[in-house]
Amino acid sequence: MIELKNVSFSYGTVSCGKTQPAEKTRPLSDPAAHEILHGLTLKIESGSRICLFGPSGIGKSTLLRLMMGLETPSSGSITGIQKLKKAVVFQEDRLLPFATVLKNLTLFGSSLAAHTHLKALGLAGQENAFPSSLSGGMKRRVAIARALTRNGDILFLDEPFTGLDVPCRKKTADYILSQSAGKTIILVSHDKTEAALLQSKIINVASLNT
Amino acid sequence: MEVRFPFKKQLQQTASILFWIFLWHVAAVSVNKNLLIPIPLPLETAVVFFKNCKNADFWSAVGVSILHITLGFLSGAVLGSLSGFFSGSSKFFRYLSSPLLHLIRSVPVAAFIILAWLWIPTNLLPSFISCLMVLPIVHIAVENGLFAVDPKLTEMARVMGLSATRTFFHIKLPAICPFLRIGCINGLGFAWKSGVAAEVICNPTGSIGALLSSSKSNIDYGQVFAVTLTIVFLSLLLENVIKFIWKEPKL
């Protein structure tokens with residue numbers, strides 16, 4: 001079980017395009033330090049599917065970054081996640097521009113799995129294409145296929161269906177569900193239909209902040 | 001409709017070269033009237049150049065200089081890549097190497113040649129000087145390449161459990177390569193200039209620089225110009241060899 005206890009997080013100054021946790025730059029009492037999350041407590045059962053829901057700027061993606069270990073909480077603790085094999089679909093596709101679609105996937109898993117996921121997501125024949133030659137929707141599906149190829153214990157999905165049309169969203173969500181039986185899925189979205197597509201329990205991030 | 005000429009680029013380049021040869025010819029004709037030592041005409045230089053091409057000793061000198069400079073260039077590229085990598089990866093190394101690189105870049109090459117000549121054998125000096133000139137260029141190229149690595153990609157690799165070695169080969173190295181390629185092309189030009197300068201000053205036996213130096217001593221300016229022309233050709237040739245072998249990646 002993943003457990004977040006009294007987790008707080010503040011962004012401090014912005015330098016060279018990188019935000020830094022406030023405690024590294026200025027004291028939290030400083031009014032200029034922007035607190036995103038405050039005293040957040042949450043328990044996530046293994047194998048469950050949850051959707052961190054809320055409007056833009058509420059701290060959904062920050063919470064996801066904290067769980068992925070990309071940020072350190074200003075206070076509080078996150079347990080039960082460190083040793084899990086993680087797979088992620090970020091808000092941006094984050095594909096390697098100098099590698100083919102297939103290479104983008106096989107870096108994180110087997111070639112067989114990569115071919116299977118590409119075919120299932122309608123990308124058969126694109127194995128040797130470079131990301132720059134793909135449409136936005138195709139790149140998104142490659143990013144999803146990459147996360148599935150990783151075959152992690154936990155799947156983080158940050159607005160995964162951006163750029164996909166409605167039928168494609170449904171088909172992709174069904175495929176993610178078919179490949180993630182027994183795995184934990186943490187979805188971030190401001191759209192409840194996405195949560196419904198992935199049959200996940202909606203958790204309003206605003207209500208978690210004390 | 002736009003009319004496309006075949007070999008347009010080559011025609012433009014040839015026209016540009018012919019323009020400068022014409023200017024050289026005009027300058028030589030007008031200056032030579034008042035000078036004791038004339039500037040050789042382009043045609044005279046070409047005659048000496050082709051005469052050299054039939055001479056085995058000349059080709060041996062070309063071979064020796066190519067060896068000197070290639071050796072210096074390669075060692076400078078390897079050392080520059082390593083130091084650039086460490087500098088791009090560690091602030092400590094960046095601060096440590098910064099004064100040394102600044103020194104190499106600002107001290108005139110002739111001063112380095114004279115200083116290094118005190119300790120380094122004559123035959124190794126051109127390679128050493130070429131290496132020294134290439135090192136900071138490649139160092140900066142690799143360092144900039146590392147700074148250009150997309151942090152979002154390394155972040156993704158970290159979460160998805162990609163090892164440090166695979167992150168280097170699949171994310172960092174492809175980002176460094178275009179910078180390194182440009183660094184090597186620029187560095188090769190500097191390797192030629194500085195390597196030949198070292199040969200001219202310290203005269204290692206049977207090299208192009210030594211030939212240039214002896215032609216100057218013999219007041220054989222036709223030969224000086226012909227040898228200079230050879231150096232330009234060799235520099236261009238090796239630069240194009242690099243460009244041919246190491247093509248710009250198309251994404």
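Predicted model, so just to flag it, every value in this text is computed and none were measured.

The subject of this paragraph is the overall build of chain A. Tallying secondary structure elements over chain A gives eight helices and nine strands in all. Here chain A holds 210 residues, and the buried ones make up 43% of them. Long-range pairs, those at least 24 residues apart, make up 74% of the contacts in chain A between residues at least 6 apart in sequence.

Before going further, it helps to spend a moment on the sheet that holds strand β7 (residues 154–158) of chain A. All names here are of chain A. If you trace the five strands from one edge of the open sheet to the other, you get β6-β7-β8-β4-β9, paired in parallel fashion. Of all strands in the sheet, those bounded by a partner on one side alone are β6 (86–89) and β9 (201–204). The average angle at which neighbouring strand axes cross in this sheet is 20°, direction not considered. Pairing analysis gives five bridges linking β7 to strand β8 (residues 184–189), with the strands arranged parallel. Looking at β8, one finds that L155 is bridged to I185.

Attention now goes to the pairing of β7 of chain A. It is a general feature of regular strands that their side chains alternate between the two faces of the sheet. All names here are of chain A. Across the five residues of β7, five count as buried, placing the element largely inside the fold. With burial as the criterion, each face of β7 is covered, one bearing I154, F156 and D158 and the other bearing L155 and L157. Bridge count between β6 and β7: four bridges; the pairing is parallel. Looking at the pairing, V89 lines up with L157 of β7. Running through helix α6 (residues 166–179), the crossover from β7 to the neighbouring parallel element β8 is right-handed.

Residues and elements named next belong to chain B. For the pair helix α5 (residues 109–117) and helix α8 (residues 164–202), interaxial distance at closest approach is 10 Å and the crossing angle is 55°. Between α5 and α8, the angle is such that the two are oblique. Considering how the two elements wind past one another, α5 and α8 form a crossing that is right-handed. Together, V109, A110, I113 and W117 of α5 and S194, A197, A198, I201 and C202 of α8 make up the contact between the two elements. Its residues assigned to classes, the contact of α5 with α8 shows eight nonpolar, one polar and no charged.

Okay, the confidence of the model for chain B next. Should pLDDT be low for a region, the predicted coordinates there are not to be read in detail. Residue-level pLDDT values for chain B average 89, and 94% of them are 70 or greater. This prediction of the complex comes with two scores: 0.80 for pTM and 0.86 for ipTM.

So, about α6 of chain A. Residues and elements named next belong to chain A. The end-to-end C-alpha distance of α6 is 20 Å, a good match for the 20 Å that 14 residues give at a rise of 1.5 Å each. Turning to α6, its buried residues are R169, T172, A173 and I176. One side of α6 carries all its buried residues, which in axial view fall inside an arc of 100°. Opposite its buried face, α6 presents the exposed residues P167 and S178, each directed more than 90 degrees away. Close packing links the buried residues of α6 with α5 (136–150) and α7 (192–197).

This part covers unusual backbone geometry. Residue and element names in this part refer to chain A. Phi at N6 is positive, roughly 45°, even though this residue is not glycine. Along the polypeptide, N6 turns up in strand β1 (residues 2–15). Despite not being glycine, R94 has its phi angle at roughly 50°, a positive value. Relative to the assigned elements, R94 resides in the loop between β6 and α3 (101–106). A count of 22 C-beta atoms within 10 Å places R94 in the buried class.

Thresholds applied
Residues numbered from 1 in each chain as written. Chains lettered and ligands numbered in written order. Predicted model: local features only at pLDDT ≥ 70, side-chain atom pairs only at ≥ 80, totals over all residues. Helix = DSSP H or I, 4+ residues; strand = E, 2+ residues; numbered from the N terminus. Buried ≥ 20, exposed ≤ 12 C-beta atoms within 10 Å, placed from the backbone. Contact = placed C-beta atoms within 7 Å. Pairing = 2+ DSSP bridges. Axes fitted to C-alpha atoms, helices over the stretch in contact; angles between N-to-C directions. Right-handed = clockwise from strand over helix to strand, strands pointing away. Parallel < 35°, antiparallel > 145°, perpendicular 65-115°, else oblique. Left-handed = near helix turned anticlockwise from the far one by under 90°. Nonpolar A, V, L, I, M, F, W, Y, C, P; charged D, E, K, R; others polar. pLDDT = per-residue confidence, 0-100. Expected span 1.5 Å × (residues − 1). Arc of directions from axis to C-beta.

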